[in-house]
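# A closer look at the structure
Take a look at the letters that make up each chain.
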Amino acid sequence: MSTTLARLKDGYTKGARGAATRLMGGMADSWITPNKLTTAGVTLCLAAAVLVWFEKDGELIFFWTGAVVFIVGSILDILDGALARATGRSTPFGAFVDSTTDRVGEAAMLAAIGLVFARDGNEVALAFAFGAVAGSFLVSYARARAEALGLKGDVGLSSRAERVVIISTGLILAPWGVLPWAIYVLTASAWITVVQRILAVRAQLRRASGE
């Protein structure tokens, strides 16, 4: 079952990357640059976090608007790398900045959601929001450390794309009380992914050493 899920995940990940690269391929001479997309993406994610904070003034409008803005910002964060690859503008520093701003946007949204939980007096959900932040950062850190060792580090249940889907779904359904449950799922999936990546790195190192 895990092998099937891994193949499914690998298939749609490669498909999405391929589609994004083809979409960006015709923009080599455009005024749009990878850095501009990165800046726009993180700015929209930060704006989305601010919108979610104002949900007390109207759950439907602010949760839904926040979700839409967050989705658009996250898509731009995906397209900036695709544009860099398609136009030959990919650089190590650009990849570093892209990865860093991805964490900023996601952390800002989770912080806003945590503040909403705190305002509602939901301490359990607030604790899980903290866990989600730590888990999402560790997922990315585990991949970075694995790749620094020359190993495959993008394995596991929940990469950033899956986390964006979970967060966005929670925001859209938040007026009906689903947001805490989305954060519970997000936290669990992030920490499961951390463990999966640790085990995958151990397995790769053992194979390399002939154990």
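Residues numbered from 1 in each chain as written. Predicted model: local features only at pLDDT ≥ 70, side-chain atom pairs only at ≥ 80, totals over all residues. Heavy atoms only, no water.

## Let's talk about the overall build of the protein chain
A tally of regular secondary structure across the protein chain gives 7 helices and 0 strands. Across the protein chain, contacts joining residues at least 24 apart in sequence account for 80% of those joining residues at least 6 apart. When the accessible surface of the protein chain is summed, it comes to about 11,400 Å², and 70% of that surface belongs to carbon and sulfur atoms. (Helix = DSSP H or I, 4+ residues; strand = E, 2+ residues; numbered from the N terminus. Contact = heavy atoms within 4.5 Å. Areas by Shrake-Rupley, 256 points an atom, 1.4 Å probe, with all protein chains shown as cover.)

## Structural notes on helix α6 (residues 160-172)
For α6, spanning 13 residues, the distance from its first C-alpha to its last is 18 Å, which sits close to the expected 18 Å at 1.5 Å a residue. Those residues of α6 not exposed but buried are Arg 160, Glu 162, Arg 163, Val 164, Ile 166, Ile 167, Ser 168, Gly 170 and Leu 171. (Expected span 1.5 Å × (residues − 1). Buried < 20%, exposed > 50% of the residue type's maximum accessible area, 1.4 Å probe, protein only.)

## A look at the packing of aromatic side chains
Per the stated rule, a full pass over the model turns up 4 aromatic pairs. Taking the centre distance of 6.2 Å and the plane angle of 40° together, the rings of Phe 54 and Phe 62 count as tilted. Residue Phe 54 is classed as partly exposed on the basis of its relative accessible area of 32%. Feature note: the residues Phe 128, Trp 181 and Tyr 184 constitute an aromatic cluster, connected by ring pairs. The ring of Trp 53 has Arg 119 lying over it, and the distance from NZ or CZ to the ring centre is 4.0 Å. (Phe/Tyr/Trp six-rings, centres within 6.5 Å; stacked < 30°, edge-to-face > 60°. Lys NZ or Arg CZ within 6 Å of the ring centre and 35° of its normal.)

## Description of a nonpolar patch on the surface
A cluster of nonpolar side chains, contributed by Leu 60, Trp 64, Ile 71, Ile 75, Ile 172, Leu 173 and Trp 176, occupies part of the molecular surface with about 640 Å² of accessible area. A per-element tally of the nonpolar patch places helix α3 (residues 59-87) first, with 4 residues. Here Leu 173 shows up in the loop between α6 and α7 (179-209). (Patch = residues over 30% accessible without salt bridge, like charges linked within 9 Å, V, L, I, M, F, W, Y side chains within 5 Å. Salt bridge = Lys/Arg side-chain N within 4 Å of Asp/Glu carboxyl O.)

## Considerations on the side chain of Thr 101
Residue position: Thr 101 is located in helix α4 (residues 92-120). On the basis of relative accessible area, Thr 101 is assigned to the buried category, the value being 14%. Apart from the residues lying within four places of it in its own chain, the contact partners of Thr 101 are Thr 38 and Val 42.

## Points about the nonpolar core
It is characteristic of soluble globular proteins that their nonpolar side chains tend to be buried jointly. Among the nonpolar cores identified, the biggest contains 28 residues, and Val 52, Met 109, Ile 113, Ile 167, Leu 171 and Ile 183 are the most heavily contacted of them. Looking at this core, the elements with two or more residues in it are α2 (34-53), α3, α4, α5 (123-148), α6 and α7. If you tally residues by element for this core, the top one is α4, at 7 residues. Excluding residues that lie within four positions of it along the chain, Ile 113 makes contacts with Val 52, Ile 167, Leu 171, Leu 179 and Ile 183. (Core = buried A, V, L, I, M, F, W, Y, C linked by side-chain atoms within 4.5 Å.)

## What to know about the pattern of salt bridges
Scanning all chains against the criterion turns up 6 salt bridges. One salt bridge connects Arg 160 with Asp 77, and the closest N-O pair in it is separated by 3.5 Å. Placement of the pair is Arg 160 in helix α6 and Asp 77 in helix α3, with a sequence separation of 83 residues. A single burial state applies to Arg 160 and to Asp 77, both of which are buried. Measuring nitrogen to oxygen at the nearest pair gives 2.9 Å for the salt bridge that ties Arg 143 to Glu 147. Here Glu 147 and Arg 143 lie together in helix α5, a separation of 4 residues that amounts to about one turn. Taking the relative accessible area as the measure of exposure, Glu 147 reaches 40% and is therefore partly exposed. Each of Asp 77, Glu 106, Arg 160 and Arg 163 takes part in a single network of salt bridges with overlapping partners.

## A few points about the environment of Ser 168
Mapped onto the secondary structure, Ser 168 falls in helix α6. In this structure Ser 168 comes out as buried when scored by relative accessible area, which is 5%. Distance in space between the C-alpha atoms of Ser 168 and Val 69 is 9.8 Å, their sequence separation being 99 residues. Not counting residues within four places of it along the chain, the set of residues in contact with Ser 168 comprises Ala 67, Phe 70 and Ile 71.

## Topic: the packing of α2 against α4
At a closest axis distance of 8 Å, the pairing of α2 and α4 adopts a crossing angle of 5°. Here α2 is positioned roughly parallel relative to α4, judged by the angle of their axes. Contact residues: α2 offers Thr 38, Val 42, Cys 45, Leu 46, Ala 48, Ala 49, Val 52 and Trp 53, while α4 offers Val 97, Asp 98, Thr 101, Val 104, Gly 105, Ala 108, Met 109, Ala 112, Ile 113, Leu 115, Val 116 and Arg 119. (Axes fitted to C-alpha atoms, helices over the stretch in contact; angles between N-to-C directions. Parallel < 35°, antiparallel > 145°, perpendicular 65-115°, else oblique.)

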